[in-house]
Amino acid sequence: MGVNTREIVLDMLLALEREEDYSHRLIKAVLDKYDYLEARDKAFIKRVTEGTLERGLELDYYLNGHSTVPVGKMRPLIRCLMRMSVYQLLYMDSVPDSAVCDEACKLAAKRGFQRLKGFVNGVLRQISREKGSLALPDEEKEPILYDSVKYSMPRWLVELWRREYGPEISRTILEGLMAIRPVSLRFCLRTPEEERGQLCARMREKAMTVEQSPYLPYVYLVGQTEGVERLPGFREGMCTIQDISSALAVEAAGIGRNDLVVDVCAAPGGKSLLAAEKAAQGRVLARDLSQEKLDRIAQNAARMGAWNIEAQLFDGTSTDESLLGRADVVLLDVPCSGLGVMGKKRDIRYRIKPEGLESLQALQRQIVKASAGYVKPGGTLIYSTCTIHSGENQEMVRFIARELGFEPVSLEGVLPESVLGGKRQIAARMKESGIAPAVALTEAEDAACIQLLPGFVEADGFFIARFRRRKGAGQP
């Protein structure tokens, strides 16, 4: 008996609704389990799962407009089944509407909801008939609800970004988060340019799209992949997966060949690996709370030949007295709300709550305060997050500079001009619209940090800030 791909998707959506795992991890695990399936079946599973999550609020809006039972009161299995079916009706032209409706009814019956087949069929066929005329909320009367539904973003997040950036920039961010982005592939710095070209040619022969990043020459954007482990050169340690924004954070550190680098919250390890290549004669301490994550870092370090990485189990909220004043560079990519990576981790938007941001900020301060003392006088501290929220970003710049006594260091000349140009573009648009920054920074503090925004850069939403420990300064 063949595998029912729709049933696999349904079970994944149910598991994600119960918050048993995060979508990016669950999808990978399921695709690995069913690796024997044809490429088109695996692509169907991935697209329907990701698309249903990404368009969740929009799908619910249409369902609520056609169903006598509100989405929130549906049985979990029926709710997930209806969402994935409406996604197929609206966004997958290659799938006949009749097949979507029929398969949904069969699945409902198979999973014990025979009596609801009529309900499922009626709602789906009504949406199918009207899909060319389905209307979003009135953009002029309810702009926040309009953006929330169109981009499937919780209202509080739409309101947050509108307050911080204004409606135009906010909408560009929302569009950027919805854009389908290719895999970000970082080549080992030791891989010669000619060899990189040969590997890229082999990828194109396998019908992949390959483009060099506009920001760093050793990062490429690869589309139409079936799994990173199968990429030419991956198993041989010539490349790894790392978003350009993460690589830019390491570039900002200016790591020297003999430096001691401490990566306090290292998982998944991309920054540690790049730091180890830059500090070829130095040492990188990659630390994290999870032994499982550290084991993966160690495996990737072995694959890439980064023998100068030492993976260590350590709680970043505690201070390691033996490291005080020793590190040339400390990388602090702290736990955050992850609002900048929702294009990859689509369920974050539904899991993060406004009340959770405050506790995250407290944790971030605790980690920074516990770890900042590792920086030697004259050494560098890089603070970074993968979020778009001034409380976790710009407010932390003020905390590090004003309460811990670190000197902000300009990113001019350190990061590519094409990246810094995006920052100036955003600032100019905000000024034209009369929008003041959410957090007031000094000129020096502002020059030391950058908020990367989807829609303005070909990268995840990310924040980077650079500091120097003043010589002669005591422990923070």
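Scroll up to find the structure this text is about.
What this report covers is the structure whose coordinates are included nearby. Source: prediction; values computed, not measured.

### A look at the pairing of strand 7 (residues 309-313)
Point 1. The pairing of strand 6 (residues 283-288) with strand 7 spans five bridges and is parallel. If you follow V284 over to strand 7, its bridge partner there is I309.
Point 2. Taken together, strand 6, helix 14 (residues 291-304) and strand 7 form a β-α-β motif whose crossover is right-handed.

### A look at helix 18 (residues 417-432)
For an α-helix, the turn length of 3.6 residues means that residues three or four places apart are oriented alike.
Point 1. With 16 residues, helix 18 ought to run about 22 Å at 1.5 Å a step, and its terminal C-alpha atoms sit 22 Å apart, in line with that.
Point 2. V419, L420, G422, I426 and M430 are the residues of helix 18 that are buried. Take helix 18 and look down its axis: the buried residues cluster within an arc of 150°, on one side only. Looking at helix 18, the residues exposed on the side facing more than 90 degrees away from the buried face are K431 and E432.
Point 3. Residues of helix 18 that are buried sit in contact with helix 9 (155-165), helix 10 (167-178), helix 12 (244-253) and strand 11 (449-452).

### Let's talk about the environment of L63
Point 1. Note on placement: L63 falls in helix 4 (residues 56-66).
Point 2. A relative accessible area of 0% means that L63 is categorised as buried.
Point 3. As a C-alpha pair, L63 and R83 span 20 residues in sequence and 8.0 Å in three-dimensional space.
Point 4. Beyond its immediate stretch of four places on either side in the chain, L63 contacts V71, M82, R83, V86, V123 and I127.

### A look at the sheet that holds strand 2 (residues 209-212)
Point 1. Read from one edge to the other, the open sheet built from four strands follows the order 2-3-1-4, with strand pairing classed as antiparallel. The sheet is open, and its two edges are formed by strand 2 and strand 4 (239-241), each paired on a single side. On average, adjacent strands in this sheet sit at an angle of 30° to one another, irrespective of strand direction.
Point 2. Note: strand 1 (residues 183-187) against strand 3 (residues 219-223), four bridges, orientation antiparallel. Pairing of S184 across the sheet is with L221, part of strand 3.

### A closer look at the packing of helix 1 (residues 5-17) against helix 3 (residues 39-54)
For any two helices packed against each other, the geometry comes down to the angle between their axes and how far apart the axes lie.
Point 1. One way to put it is that helix 1 packs onto helix 3 with a least axis distance of 9 Å and a crossing angle of 35°. For the crossing formed where helix 1 meets helix 3, the hand is right-handed. Mapping the contact onto sequence places T5, R6, I8, V9, M12, L13 and L16 in helix 1 and D41, F44, I45, V48, T49, T52 and L53 in helix 3.

### Some words on the packing of aromatic side chains
Point 1. Taken as a whole and judged by the stated rule, the model has four aromatic pairs.
Point 2. Geometrically, the ring pair formed by Y87 and Y91 is stacked, given 5.4 Å between the ring centres and 25° between the ring planes. Within this pair, Y87 and its partner Y91 are both found in helix 5 (residues 76-91), separated by four residues, close to a single helical turn.
Point 3. Judged by its relative accessible area of 25%, Y91 falls in the partly exposed class.
Point 4. Positioned above the aromatic ring of F314 is the side chain of R287, whose terminal nitrogen or guanidinium carbon lies 4.4 Å from the ring centre.

### So, the layout of surface pockets
Point 1. Of the pockets and cavities examined, the second largest pocket occupies roughly 560 Å³.
Point 2. At seven residues, helix 18 tops the list of elements feeding residues into the lining of the second largest pocket.
Point 3. Tallied by class, residues from the lining of the second largest pocket come to 17 nonpolar, four polar and six charged.

### Observations regarding empty space enclosed by the protein
Point 1. Summed over the entire model, instances satisfying the criterion amount to one cavity of 30 Å³ or more.
Point 2. Taken as a whole, the largest cavity encloses approximately 40 Å³ of empty space.
Point 3. As for the largest cavity, its lining consists of V262, V264, R287, F314, D315, G316, S371 and Y374.
Point 4. By residue class, the composition of the lining of the largest cavity is four nonpolar, two polar and two charged.

### Comments concerning the pattern of salt bridges
Point 1. A complete count under the given rule lists 41 salt bridges for this structure.
Point 2. Of the charged contacts, one joins D11 and R111 as a salt bridge, the two residues approaching to 2.8 Å between their closest N and O atoms. Of this pair, D11 sits in helix 1 while R111 sits in the loop between helix 6 (97-110) and helix 7 (117-130), and the two are 100 residues apart along the sequence.
Point 3. According to the relative accessible area criterion, D11 is partly exposed, its value standing at 34%.
Point 4. When the shortest N-O distance is used, the salt bridge between D328 and K376 registers 2.8 Å. Of this pair, D328 sits in strand 8 (residues 327-333) while K376 sits in strand 9 (residues 375-385), and the two are 48 residues apart along the sequence.

### Topic: the packing of helix 6 against helix 7
Point 1. Direction vectors running N to C along helix 6 and helix 7 enclose 160°, while the axes themselves pass 9 Å from each other. Here helix 6 lies roughly antiparallel to helix 7, going by the angle between them. You can see that helix 6 and helix 7 cross each other, and the crossing is right-handed. Here D97, S98, C101, D102, A104, C105, A108 and A109 of helix 6 lie close against helix 7, whose contacting residues are K117, V120, N121, L124, R125 and S128.
Point 2. Split into classes, the residues belonging to the contact of helix 6 with helix 7 amount to seven nonpolar, three polar and four charged.

### Side note on unusual backbone geometry
Point 1. Between A267 and P268 the backbone carries a cis peptide bond, its omega angle lying at 5°.
Point 2. Inspection of the secondary structure puts P268 in the loop between strand 5 (260-263) and helix 13 (270-278).
Point 3. Unusually for a residue other than glycine, S152 sits at a positive phi of about 45°.
Point 4. Its place among the elements puts S152 in the loop between helix 8 (143-150) and helix 9.
Point 5. Positive phi, close to 70°, is recorded for A207, a residue that is not glycine.
Point 6. In this fold, A207 is placed in the loop between helix 11 (193-205) and strand 2.

What counts as what
- Residues numbered from 1 in each chain as written.
- Predicted model: local features only at pLDDT ≥ 70, side-chain atom pairs only at ≥ 80, totals over all residues.
- Heavy atoms only, no water.
- Pairing = 2+ DSSP bridges.
- Helix = DSSP H or I, 4+ residues; strand = E, 2+ residues; numbered from the N terminus.
- Right-handed = clockwise from strand over helix to strand, strands pointing away.
- Expected span 1.5 Å × (residues − 1).
- Buried < 20%, exposed > 50% of the residue type's maximum accessible area, 1.4 Å probe, protein only.
- Arc of directions from axis to C-beta.
- Contact = heavy atoms within 4.5 Å.
- Axes fitted to C-alpha atoms, helices over the stretch in contact; angles between N-to-C directions.
- Left-handed = near helix turned anticlockwise from the far one by under 90°.
- Phe/Tyr/Trp six-rings, centres within 6.5 Å; stacked < 30°, edge-to-face > 60°.
- Lys NZ or Arg CZ within 6 Å of the ring centre and 35° of its normal.
- 1 Å grid on protein atoms, 1.4 Å probe; cavity = no way out; pocket = protein on both sides within 12 Å on 5 of 7 lines; lining within 4 Å.
- Points joined across faces, edges and corners; volume = space filled by probe spheres on them.
- Nonpolar A, V, L, I, M, F, W, Y, C, P; charged D, E, K, R; others polar.
- Salt bridge = Lys/Arg side-chain N within 4 Å of Asp/Glu carboxyl O.
- Parallel < 35°, antiparallel > 145°, perpendicular 65-115°, else oblique.

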